[in-house]
Each structure stands twice: as structure tokens, then as C-alpha cells.
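Here is what each chain is made of, one letter per residue.
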Amino acid sequence: MQLPVISSFDRENVDSATFSSGLVDNFNRPITYLRLAVTDRCNLRCAYCMPENMRFLPTKELLTDDEIMRLVGVCAAQGIRKVRITGGEPFVRRGIMDLLWRIKETSGIEEVHITTNGVLTEPHIPELQKMGIASINLSMDTFDAERFRDLTRRDEFAAVHATFEALAASAIPLSVNAVIMENKNTDDVIAMSEQTQSKQFTMRFIEEMPFNGGTHEFPTLLWTHDKILTTLKTAFPTMMALGKADNTATADLYQIQGYEGKIGIIAGFSRTFCGACNRIRITAKGTLKTCLYDNGVLNFKTMMRSGASDEDLSEALIRSVTNRFRDGFEAERHTHATVGFDSMSEIGG
Ligand code: SAM
Ligand code: SF4
């Protein structure tokens, strides 16, 4: 069948038959990690992610559970071993726990991770632990209730903080993600790092990226990796660099001497980690992205709803992975005007 490849960028296609074990891209990078957005809907309205009057996709545009499971199976058969469930907010999807169990039990999938805003998460923690969820990233840009309401436009701090406390006390490895923004939460860099003194979690600071649904002006004064690092080093002179957890990780890790937890900085806008990228994304409406900054290279939902076989899906996946952009800058050069208008809630972060 005709594959609906929607990227117009014409690169040399590597013969997919070359790769019998696992997915490898055209720069010889093994692709083992899928970020899967299970919905675009959300119960918060973080200003860096979406406008207050965000228009979500009609339900029929979202992948069904069976479509998601089909894609997870196809990806696992091609060598994906790690899946991160994201959104939108994963826990607003009806039946999310059953879907998580099914993904967790998929042959070939070794690790399932979750990124959540924590509003609805706390009651599910015992079951997530039983399921063997490999780690949770909790998004929380401040530990101050009032500031939280300003940043997220919703009054949900108590529920999110309860999730934080419960996860920090659980056996599930926890990272807290905070996007740092000038005039919004730069004080929190120090206050949130202090939380690592007696709690075993990783406090990660993220550069703001231009995916906010179009209404929030992208700042000219960006809090970059270097600026965050300088702030931390000044406040905590005993902070040591630990390097990255592995060569494909996006966070540079640090630890303040004598503190239990760690600190991470993610250069999402500066894109210093693209060289070892091992990830692909499937958005809430079934678009395959081989780079966060590309426009989407393929629509799996359209293919599945037009009668594509698993073999067609696998071939399309391999073809896309073997025609990948070198890095986020090259991808951005070919995306024309859409960066800045997409919301991260559809992409999944
Ligand atoms: N709703 C869940 C949450 O917030 O954790 C999962 C989806 S959210 C889109 C995934 C991650 O993307 C969150 O950690 C969030 O902070 C991050 N994010 C969203 N918009 C961003 C932006 N414009 N720049 C940097 N990170 C962003
Ligand atoms: Fe929702 Fe997560 Fe976007 Fe915040 S970052 S609006 S919690 S999807």
C-alpha cells in the first residue's frame, strides 16, 4: 500500500533489510525508547504548554486502546524495549490502568515509565507499584501553592503535593520535572533543590521549549541549562557533577554533598543531547515523530483505519527511523511554521 509519509524532506533511504535485530537509525543510533501520548486532554492548563481555552481533539481522533496496543506490539517486535506513557494527562484517560497493565505485559517491553501531573495519580500508586512501573516523572514547577495555581491556572496543589509525598515514600523511582521561567518560578530552583536533602528523588529543571499551543509568547530571556547551573552552583557550592545516568539520557545529574536526592538539568531547548537520541514518539492522534522538533513523519492512525497490516506498519516505522533528522536543529529547519503552535500536550513532552 501507499505509505502516508508526510515529511517532505528527502533523505537517502537506508534499506530496512539491513537491520535484522532491532531498530537502528540512519546515523547508526539504536532506537529502543517509545514515548506514547495516550491523550491530549488535561486537567491543568500550564501556561508553557497550552492556552486556557485549549481545544482538545475530538475523541474519534484519538487512538483507541486496541490501536495503541497494536502499535506497541509492532514497536516491540521491531526492538522498542522502553515505553513512557505521557499525554496530555495520562490519568484522565478512561481505562488507563487496564491499558497500562496491557502495555506492561506486552512481549518485548521491558520497562514502562509514566509522566504525570499528579492530580489524579496518588490513589493509583499501590497498583502502579504492584504492576512494576519502572519510574514516574511528576511535573511540578513549584512547591508553593499560590504560585502553583498561577502557573497551572488550576487549584490542584494539594492533590499534586500528596502524590509527591506518596511517590517519594514509595518504591517507585521518582523524578520531579520543573520548567523554569523568568519572573515565574526562578526562586524555586533553590527551594526545590532543598527538597533533595532528605528525600530520595531527582529534582529536574527543564529549559522551556516552544510548544505551548500558540498563545503564550515564547520568552526572549530563556533560563538555559547554563543559567540554571550557575544559580545552583552559587547556592550550593558543594554540589558535585555526576554525569548522565546513561549515554542516551537527557538530564545532566548533580548532587549536593550530604543530600539524599539528586538534581538534574535538561537542555530541551539547547538540544545538547541529540547525538545519542534513542527515542521516537507517537502522539495522541497517532502521528509518529522521530524527533521532538519534526512535524510528524507518518500517521499510524490513518494507516490503521485504512486497513494497513502489521507488516505495513512495521515497514513504515523502519522507513521513518532510517530517514531521521540528525538532530533537533536540522528537524526544526524543516518544520516550517508549526513550532510554537503545537501544544506539548499532544506531543507528550
Ligand atoms: N501532563 C503530564 C505532565 O505534565 O507531566 C504529561 C504530559 S506533559 C506535556 C510532559 C512534560 O512536558 C512535563 O514534564 C511538562 O513539564 C513538559 N512540558 C510541557 N510543555 C513544555 C514546554 N513548553 N517546555 C518544556 N517542557 C514542557
Ligand atoms: Fe497538562 Fe502536562 Fe501540559 Fe501541564 S504540562 S498543561 S499538566 S499536559
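This section reports on the structure supplied with the text. (Residues numbered from 1 in each chain as written. Chains lettered and ligands numbered in written order. Predicted model: local features only at pLDDT ≥ 70, side-chain atom pairs only at ≥ 80, totals over all residues. Heavy atoms only, no water.)

So, the sheet that holds strand β7 (residues 174-180)
Reasoning step 1: Here we have 12 strands laid out as an open sheet, ordered β9-β10-β11-β8-β7-β6-β5-β4-β3-β12-β13-β14, and mixed in their pairing. With partners counted over all chains shown, the strands left at the sheet margins are β9 (239-243) and β14 (298-299), one partner each.
Reasoning step 2: In this sheet, strand β6 (residues 135-139) lies alongside strand β5 (residues 111-116) in parallel orientation, the contact comprising 4 bridges. Among the inter-strand pairings, Thr-115 is bridged to a residue of β6, identified as Asn-137.
Reasoning step 3: Of the strands in this sheet, β7, β8 (202-207), β9, β10 (251-256) and β11 (262-266) touch helix α7 (residues 225-235), which is tilted by about 155° from β11. (Pairing = 2+ DSSP bridges. Helix = DSSP H or I, 4+ residues; strand = E, 2+ residues; numbered from the N terminus. Contact = heavy atoms within 4.5 Å. Axes fitted to C-alpha atoms, helices over the stretch in contact; angles between N-to-C directions.)

Remarks on the nonpolar core
In a soluble, globular protein the nonpolar side chains are often hidden away together inside.
Reasoning step 1: Core analysis: the largest hydrophobic core is formed by 99 residues, its most contacted members being Leu-36, Ile-85, Ile-103, Leu-128, Phe-205 and Phe-300.
Reasoning step 2: Other than its neighbours up to four places away in sequence, Ile-103 contacts Leu-36, Ile-68, Met-69, Val-72, Val-83, Ile-85, Ile-109 and Val-112. (Core = buried A, V, L, I, M, F, W, Y, C linked by side-chain atoms within 4.5 Å. Buried < 20%, exposed > 50% of the residue type's maximum accessible area, 1.4 Å probe, protein only.)

A word on the environment of Pro-90
Reasoning step 1: Among the secondary structure elements, Pro-90 is positioned in the loop between β4 (82-86) and α2 (96-104).
Reasoning step 2: Sequence spacing of Pro-90 and Thr-32 is 58 residues, and the spatial spacing of their C-alpha atoms is 21 Å.
Reasoning step 3: Apart from the residues lying within four places of it in its own chain, the contact partners of Pro-90 are Val-38, Thr-39, Ile-85, Ile-96, Ile-114, Thr-115 and Thr-116.

Section: the site of ligand 1
Reasoning step 1: With respect to spatial proximity, 19 residues lie near ligand 1, and among them Tyr-48, Gly-88, Thr-116, Ser-139 and Met-209 are the closest.
Reasoning step 2: Between ligand 1 and the protein, one listed contact pairs a nitrogen atom with a backbone N or O atom of Tyr-48 at 2.7 Å.
Reasoning step 3: Contact distances for ligand 1 include 2.5 Å between an oxygen atom and a side-chain N or O atom of Ser-139.
Reasoning step 4: Taking 540 Å² as the accessible area of ligand 1 by itself, protein coverage stands at 95%.
Reasoning step 5: If you list the elements that add at least two residues to the shell around ligand 1, you get β5 and β7. (Near = heavy atom within 4 Å. Polar contact = N/O pair within 3.5 Å; in protein donor to acceptor, adjacent residues only side chain to side chain. Areas by Shrake-Rupley, 256 points an atom, 1.4 Å probe, with all protein chains shown as cover.)

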